[in-house]
Amino acid sequence: MKKIEVRNVTKVFGKSKKAIQLLRDGESKQTILKKTGATVGVNQANFSVEAGEIFVIMGLSGSGKSTLVRMLNRLIDPTIGEVLIDGQDIVKMNKEQLREVRRKKISMVFQKFALLPHRTVLENTEYGLEIQGVPKDTRTQKAMDALNLVGLEGYENQYPGQLSGGMQQRVGLARALANDADILLMDEAFSALDPLIRKDMQDELLELQAKMKKTIVFITHDLDEALRIGDRIALMKDGSIVQIGTAEEILMNPSNDYVERFVEDVDLSKVLTAGHVMKRAESVSIEKGPRVALKNMKELGISSIYVVDKKKTLLGAITAADAKYALERGEKLAGILQQDVPTVLPDTLLTDLFEKVSTATIPVSVVDENRRLLGILVRGAVIGALAGNNIDLNTITDVKTEVAAGKLERTNQGDVPAVSAQAKPFNGDNFSSTLDQRSKGSLPDNTIKLNFSGRMNEINDTPNSDREVN
Amino acid sequence: MENWLPKLPIADWVDVFVTWLTTNLDAAFSGITSVLEAVVEGMVAGFGYIPSYVFMILLTLIAWKIANKTIALFTLIGLFLISNLGYWDPMLETLALVLTAVIISILLGIPLGIWASQKQSVRQVITPILDFMQTMPAFVYLIPAIFFFNIGVVPGVVASVIFSMPPTIRLTILGIQQVPEDIIEATEAFGSTTSQRLLKVQLPLAMPTIMAGINQSIMLALSMVVIASMVGAPGLGADVYRAVTQIQIGKGFEAGLAIVVIAIILDRLTQNIGKSKKHGGTA
Ligand SMILES: Nc1ncnc2c1ncn2[C@@H]1O[C@H](COP(=O)(O)OP(=O)(O)OP(=O)(O)O)[C@@H](O)[C@H]1O
Ligand SMILES: [Mg+2]
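Every value quoted in this text rests on a predicted model; they were computed, and no experiment measured them.

1. A short note on a negative patch on the surface
Thinking step 1. A grouping of A:Asp257, A:Glu260, A:Glu264 and A:Asp265 is seen on the molecular surface, where their side chains present a negatively charged patch.
Thinking step 2. As for its position among the elements, A:Glu260 is in helix 11 (residues 257-263).

2. Quick word on the UniProt feature "domain: ABC transporter" (unreviewed entry) in chain A
Thinking step 1. Those residues carrying the UniProt feature "domain: ABC transporter" (unreviewed entry) are residues 4-263 of chain A in this numbering.
Thinking step 2. The distance from the first to the last C-alpha atom of residues 4-263 of chain A is 27 Å, and the span holds 42% helix and 24% strand.

3. A look at the confidence of the model for chain B
All names here are of chain B.
Thinking step 1. Looking at chain B as a whole, its pLDDT mean stands at 89, while 95% of the residues score no less than 70.
Thinking step 2. Every residue in residues 277-283 scores below 50 in pLDDT, and together they form 10 contacts with partners more than four places removed in sequence or on other chains.
Thinking step 3. Listed scores for the predicted complex are pTM 0.73 and ipTM 0.79.

4. Some words on the interface of chain A and chain B
Thinking step 1. At the interface, 28 residues of chain A touch 20 residues of chain B.
Thinking step 2. It is A:Pro117, A:His118 and A:Tyr127 in chain A that bury the most area against chain B; as a group they hold 25% of the surface buried on that side.
Thinking step 3. Taken together, the connections running from chain A to chain B amount to three salt bridges.
Thinking step 4. A salt bridge links B:Lys200 to A:Glu130, with the shortest nitrogen-to-oxygen separation between them at 2.6 Å.
Thinking step 5. At the surface where chain A touches chain B, the tally comes to eight residue pairs in polar contact (both at pLDDT 80 or more).
Thinking step 6. Where the side of chain A that touches chain B is concerned, the elements lending two or more residues are helix 4 (95-104), strand 6 (106-109), helix 5 (121-130) and helix 7 (165-178) of chain A.
Thinking step 7. For the side of chain A that touches chain B, the class distribution of residues is 13 nonpolar, seven polar and eight charged.

5. Some words on the UniProt feature "domain: CBS" (unreviewed entry) in chain A
Thinking step 1. In the numbering used here, UniProt assigns the "domain: CBS" (unreviewed entry) feature to residues 277-333 and 337-393 of chain A.
Thinking step 2. Each end of residues 277-333 of chain A is marked by a C-alpha atom, and these two atoms are 29 Å apart; helix forms 40% of the span and strand 25%.

The rules we used
Residues numbered from 1 in each chain as written. Chains lettered and ligands numbered in written order. Predicted model: local features only at pLDDT ≥ 70, side-chain atom pairs only at ≥ 80, totals over all residues. Heavy atoms only, no water. Patch = residues over 30% accessible without salt bridge, like charges linked within 9 Å, V, L, I, M, F, W, Y side chains within 5 Å. Areas by Shrake-Rupley, 256 points an atom, 1.4 Å probe, with all protein chains shown as cover. Salt bridge = Lys/Arg side-chain N within 4 Å of Asp/Glu carboxyl O. Lys, Arg positive; Asp, Glu negative; His and termini not counted. Charge placed at Lys NZ, Arg CZ, Asp CG, Glu CD. Helix = DSSP H or I, 4+ residues; strand = E, 2+ residues; numbered from the N terminus. UniProt positions renumbered as here; feature names shortened; annotations may be inferred. pLDDT = per-residue confidence, 0-100. Contact = heavy atoms within 4.5 Å. Buried area = accessible area lost by both parts, 1.4 Å probe. Polar contact = N/O pair within 3.5 Å; in protein donor to acceptor, adjacent residues only side chain to side chain. Nonpolar A, V, L, I, M, F, W, Y, C, P; charged D, E, K, R; others polar.

If you want it as structure tokens, here you go:
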């Protein structure tokens, strides 16, 4: 369900008539400033935000993020365009209707907290309900609930000036949560906090979001923050939205040079997950005998193989040597099963699985919550993905890049799927080329902590890496 | 230059205007006069009803509560000195005059300041008028004031109001405009009405600044007491005026000292009212 829909929204500060015409003609912000003296805040923005989504708007200073987010609750009136909240255009609303929307549907968290210094934490949190005339008991109850949610119980009678920055912003968040609006606008809500507190707040926001399922529009100029919390990210430049997509889409398929430059320094290990880089797992059913298992391994050129049951639940692994032994003694697979095998969940970030991948003697398995085997992590593929090789990534389906077009007529038609990329799934990994790249220094050093020691030779990662490494 | 442009008859215009006012708005002026007279006299009578030592102790306790021990001690000694010098009753008359003028300044000035803070156009009209009120020599409007309000305490009150109201208005505007933009944005974002924004956010945050304006108004009203006495207002000002005209230097000093004492007490009290509700820094 579309919670917010922004159609062709433009904001021009200053004399707007001529500027709008020039924008339609595709003139740039700089040209318009020179010709008319008017500043383009936002240029023909089109996007929609689904219910329950965290939508991040990112861009450099002055790119129009704050202006755009303020048009979502009309703290700034759009010069032209429509802003639909639950299907209703707030641009057309009168003062009373708009006030109702602000009270019931949209809350906001501010960069500099914007708390009322003359009110206690509790009174600040109650503010939104108080102005709606909610009875004292009810609003105190709701405010206390909100304060508990953000971990501020016990501080309700302090004044904002007595709290640290991180705590003040928690109050800002509690104030926004207290009136139970579906939509949360957050303009650089964590930018004024120092890095550690900031990361805590991001985690906490994600935790809260898992519980509350708000629709969040989050502004930031920090790519890492955007990648961490955004379900989808819109990138702005000079008032225009240049690309919209998920973190992977933006990283792997930057729609133009600007986006590419923006993302080139990003630490992929903090974005990509096990699910992105895993390969198809070769496995053998527990019901089969050692002879079948041995044959499989031989054909694939690997020295160990995972064992699953009928439902593909991971039971353990066996090595070729053990299988041979079992065959000679006439034992079943169950007898030689090694149950203690390394596993990770598919949404584990690469940065969190380096340790496991580099110390494991067999490829780490990727399993879901029910321990169903989804794939395996081949060391070469993990490194390749970190180096930015698309080829090492699993399919990014439905890459839909919405490009803010330069012309109104085009953007009027809504989202334009411009790029659609399809990487080949489960392709053989290209280990040697990855190593080459690394030696040329094209890999970001800080992201690679894998251990390339001689153990590599003992392990048969995949059919072909075996051959290539040797 | 004088040759091609004859002298503008501003003086004549003002005379005509004042005559028109006195003839046409006579009823209004006499109404205002009797109300103000009643207020001031009522206040003097009320103060006079309290025995002087009770009054001293009361004010000392108030000073202690609002400010601190030092100021309380000063209040006690200062009031005792005034009583000892024999200026107790004139002091009460002066207090009544000043308080009446200041109350009127507040009642008119704060709403005007609020209005001006919300509307650019109002601000543009009010600012030059305020400059005019503060810089036009008091004697100049004292004379027409006699026409409108007769001789006595009332023209003194009116002159004091005109002279003392500008700081209250100016600092009310300033205080409201100084409220940080993001706080205003936050109140708007949560759906406040204009009056909710004003009452729950802007005025409370502007309070210290508004109190500073009121404090200045009190000081300016006190500085007018001698001038007010020239049109017949009673009180310490009249004593100073009489002493000056009769060249009684010592007596003049005594009465002047009494004014200073009252000024310091009122100043310290009002300065501390604004600060008594303090908490932490600002967010
Ligand atoms: N009230 C205003 N009057 C005139 N120009 C404005 C106004 N507000 C913003 N602008 C201009 O609009 C453009 C976008 O500003 P905006 O504040 O939205 O940027 P931003 O992306 O939020 O930047 P930052 O990261 O610094 O907060 C800038 O060029 C800015 O100068
Ligand atoms: Mg901004």
